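So the chains spell out like this:
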Amino acid sequence: MRLLLPPPVVVGIGLLLLYAGARLFPALNLTFSGQTSIAAVFLIAGLAIGGHALFRFVMAGTTFNPVTPDKARTLVTDGFYRVSRNPMYVADVLLLLAFGIYLGTVTVFAVVPAFVWYLTEFQIRPEEEHLKRLFGQEYLDYCARVRRWL
């Protein structure tokens, strides 16, 4: 397996699918009290987690480019990386959930699991192979302590 599309492109496709689902299947859209507030909470959480994860990479002086995991110079294991090996991707899921809730589209129940599956198979697993080669036992120990998603 290898990277087919960079994660930001996959997120963009997910957002487009949610929007299309809301427009093409309006009878399946839901509205409820507090909908916008709940969407805002997911949005803020996604931005905070993603921003923190990116900040940890910058502070460690290593690449955060998802298409060049072989250029990693440091294994980042602090901050949100103590809870998830992929907090940036967790943040992406939260952003998709925020948009899906905001739109009220039930297609979120198909788009988000498809996103998680796609990213796991075509981004995360190849990244993990690179990181195993680069960091060896240190990375394997990290994987034993911290789950892939949450």
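Residues numbered from 1 in each chain as written. Predicted model: local features only at pLDDT ≥ 70, side-chain atom pairs only at ≥ 80, totals over all residues. Heavy atoms only, no water.

A. Representation of the packing of aromatic side chains. Throughout the structure, instances matching the rule amount to four aromatic pairs. When the ring of F57 is compared with that of Y81, the centres are 5.4 Å apart and the planes differ by 40°; the resulting orientation is tilted. Pair noted here: F57 is in helix α2 (residues 35–60) and Y81 is in the loop between α2 and α3 (87–103), with a separation of 24 residues, a long-range link. The pair formed by F57 and Y81 is uniform in burial state, with each residue classed as buried. Members of the aromatic cluster, each reached through a chain of ring pairs, are W117, Y118 and F122. (Phe/Tyr/Trp six-rings, centres within 6.5 Å; stacked < 30°, edge-to-face > 60°. Helix = DSSP H or I, 4+ residues; strand = E, 2+ residues; numbered from the N terminus. Buried < 20%, exposed > 50% of the residue type's maximum accessible area, 1.4 Å probe, protein only.)

B. Quick peek at the environment of V76. Relative to the helices and strands, V76 resides in the loop between α2 and α3. What makes V76 buried here is its relative accessible area of 8%. Spatially, the C-alpha atom of V76 lies 16 Å from that of V90, the residues being 14 residues apart in sequence. Discounting residues that sit within four places of it in the chain, V76 has contacts with R56, F57, A60, T62, Y81 and Y142. (Contact = heavy atoms within 4.5 Å.)

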